[in-house]
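# Structural features, examined
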Amino acid sequence: MPSHLPKKFSHVFLKLFSYIEAVLLVAITLATIFAMANDFYHVYELRTVKLTDILLMFIYLEVLAMIQQFVVNGKIPVRYPIYIAMMAIARYVTLGMKELQSLDVVWLSMAALVLAIATVIIRAGHFYWPYKSLGDE
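No experiment lies behind these values; they were computed from the predicted model shown. (Residues numbered from 1 in each chain as written. Predicted model: local features only at pLDDT ≥ 70, side-chain atom pairs only at ≥ 80, totals over all residues. Heavy atoms only, no water.)

Its place among the elements puts G96 in the loop between α3 (79–95) and α4 (102–128). Given a relative accessible area of 12%, G96 falls into the buried group. (Helix = DSSP H or I, 4+ residues; strand = E, 2+ residues; numbered from the N terminus. Buried < 20%, exposed > 50% of the residue type's maximum accessible area, 1.4 Å probe, protein only.)

The end-to-end C-alpha distance of helix α1 (residues 7–46) is 58 Å, a good match for the 58 Å that 40 residues give at a rise of 1.5 Å each. By the burial criterion, the buried members of α1 are S10, L25, T32, M36, D39 and V43. At its buried positions, α1 is contacted by α2 (51–73). Residue R47 follows α1 closely and has a positive phi angle near 60°. (Expected span 1.5 Å × (residues − 1). Contact = heavy atoms within 4.5 Å.)

Okay, the side chain of E62 next. Tracing the backbone shows E62 in helix α2. Lacking a salt bridge, the buried E62 has R79 as its closest oppositely charged neighbour, with an N-O distance of 8.0 Å. Ignoring any residue separated from it by four or fewer positions in sequence, one finds E62 in contact with Y80, Y83 and I84. (Lys, Arg positive; Asp, Glu negative; His and termini not counted. Salt bridge = Lys/Arg side-chain N within 4 Å of Asp/Glu carboxyl O.)

Turning our attention to the packing of aromatic side chains. The full count for this structure, using the stated rule, is four aromatic pairs. Ring geometry for Y80 against Y83: centres 6.1 Å apart, planes inclined by 65°, an arrangement best described as edge-to-face. With a gap of three residues between them, Y80 and Y83 both fall in helix α3, about one helical turn apart. With a relative accessible area of 13%, Y80 lands in the buried category. Where F127 meets Y128, the ring centres are 5.0 Å apart and the plane angle is 85°; that geometry is what we call edge-to-face. Just as F127 is exposed, Y128 falls in that class too. Sitting above the plane of the Y44 ring, R47 keeps its charged end 4.5 Å from the centroid. (Phe/Tyr/Trp six-rings, centres within 6.5 Å; stacked < 30°, edge-to-face > 60°. Lys NZ or Arg CZ within 6 Å of the ring centre and 35° of its normal.)

This is the structure:
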């Protein structure tokens, strides 16, 4: 359904929105790089690398990959936030293994499994039922 706003207003608004979007993407990228560098420095200071540090690095990497996908394609595949959520759950379980109740670990594991199954379903859906471009109809 087309917009009922005047064309000039829509054009100015969209231009302003694209500038705000670009500034926020740069800010998110810089914040992610700063956080990653800070974590590397922490690992360097302690002279030891823990599994939780590696999982956190993967989260940073997924955030950067998500930003790249948005810049290149103008959209973010839904599986990138799912990957981040799975890494966050794995990191949470790894960090709090001693403090977590066994039932909490089961629920968190089930949450990660649901996310993994959702990813498989999404990937299979894209393979068996790909999106049609506008020219294919």
